[in-house]
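Here's the letter readout for the chains.
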Amino acid sequence: MSRQFFLTKEAQWVESVDQGANTWINYPDPVTPGLFAAKAEIAPGKGHNFHRHPGREELIFVLQGTVEQWIGESCQILSPGDAVVIPAGLVHASFNTGKDSAVLFVTLTPAQLDAPLAEDLSNLEPWNKLRTRNT
């Protein structure tokens, strides 16, 4: 099997989602089958609501914009250059609180796991009452 080490933009694919777009850099092949890597763009006033990744750790690095980052029931505002590490299975959410798009670099590992990529918990307590979003 041939391995591709340079992940050109032509080899990446863009997924439209409610909050904006995810550009999948590595999903999870070809170089590192254990790693998801993406650029996530979140439109103003939108967000990736409360969810968790069973069995997967996540790192989020803010490239642009202002992000209201929730880890469990704690919240902090992140700016470009800030990052957060989320242990496997911990509930979290990211919301764009600025007037321009927020851009994040996101990695999750491991990719090869018999579990869904994410579980949406936004309709369950206490997550559905922690904040009010303008959508």
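Heads up: these notes are all about the structure in this document.

Reading the values: rules and limits
Residues numbered from 1 in each chain as written. Predicted model: local features only at pLDDT ≥ 70, side-chain atom pairs only at ≥ 80, totals over all residues. Heavy atoms only, no water. Pairing = 2+ DSSP bridges. Helix = DSSP H or I, 4+ residues; strand = E, 2+ residues; numbered from the N terminus. Core = buried A, V, L, I, M, F, W, Y, C linked by side-chain atoms within 4.5 Å. Buried < 20%, exposed > 50% of the residue type's maximum accessible area, 1.4 Å probe, protein only. Phe/Tyr/Trp six-rings, centres within 6.5 Å; stacked < 30°, edge-to-face > 60°. Lys NZ or Arg CZ within 6 Å of the ring centre and 35° of its normal.

### Digging into the sheet that holds strand S6 (residues 67-71)
For sheets, the rule is that strands pair by backbone hydrogen bonds, running either parallel or antiparallel.
Here is step 1 of the chain: One open sheet accounts for five strands, arranged S7-S6-S9-S4-S11; its pairing is antiparallel. Each having just a single partner strand, strand S7 (74-78) and strand S11 (119-120) make up the two edges of the open sheet.
Here is step 2 of the chain: Pairing analysis gives two bridges linking strand S4 (residues 47-52) to S11, with the strands arranged antiparallel. Bridge pairing in S11 places His51 opposite Asp120.

### Structural notes on the nonpolar core
Here is step 1 of the chain: Among the nonpolar cores identified, the biggest contains 16 residues, and Ile60, Val67, Leu104 and Val106 are the most heavily contacted of them.
Here is step 2 of the chain: Counting residues in hydrophobic clusters, the runner-up holds seven residues, among them Phe50, Val91, Phe95 and Leu121.

### Details of the packing of aromatic side chains
Here is step 1 of the chain: Taken as a whole, this structure holds five aromatic pairs when the rule is applied.
Here is step 2 of the chain: With a centroid separation of 5.9 Å and 65 degrees between ring planes, the pair formed by Trp24 and Phe36 is classed as edge-to-face. Here Trp24 is found in strand S2 (residues 20-26), whereas its partner Phe36 is found in strand S3 (residues 36-42), with 12 residues between them in sequence. Residue Trp24 shares its accessibility class with Phe36, and that shared class is buried.
Here is step 3 of the chain: Among the aromatic residues, ring-to-ring pairing joins Phe50, Trp70, Phe95 and Trp127 into one connected group.
Here is step 4 of the chain: Just above the ring of Phe95 sits the side chain of Arg131; from NZ or CZ to the centre is 3.7 Å.

### Some points on unusual backbone geometry
Here is step 1 of the chain: A cis amide bond links Thr109 to the next residue, Pro110, at an omega of 0 degrees.
Here is step 2 of the chain: Positionally, Pro110 belongs in the loop between strand S10 (102-109) and S11.

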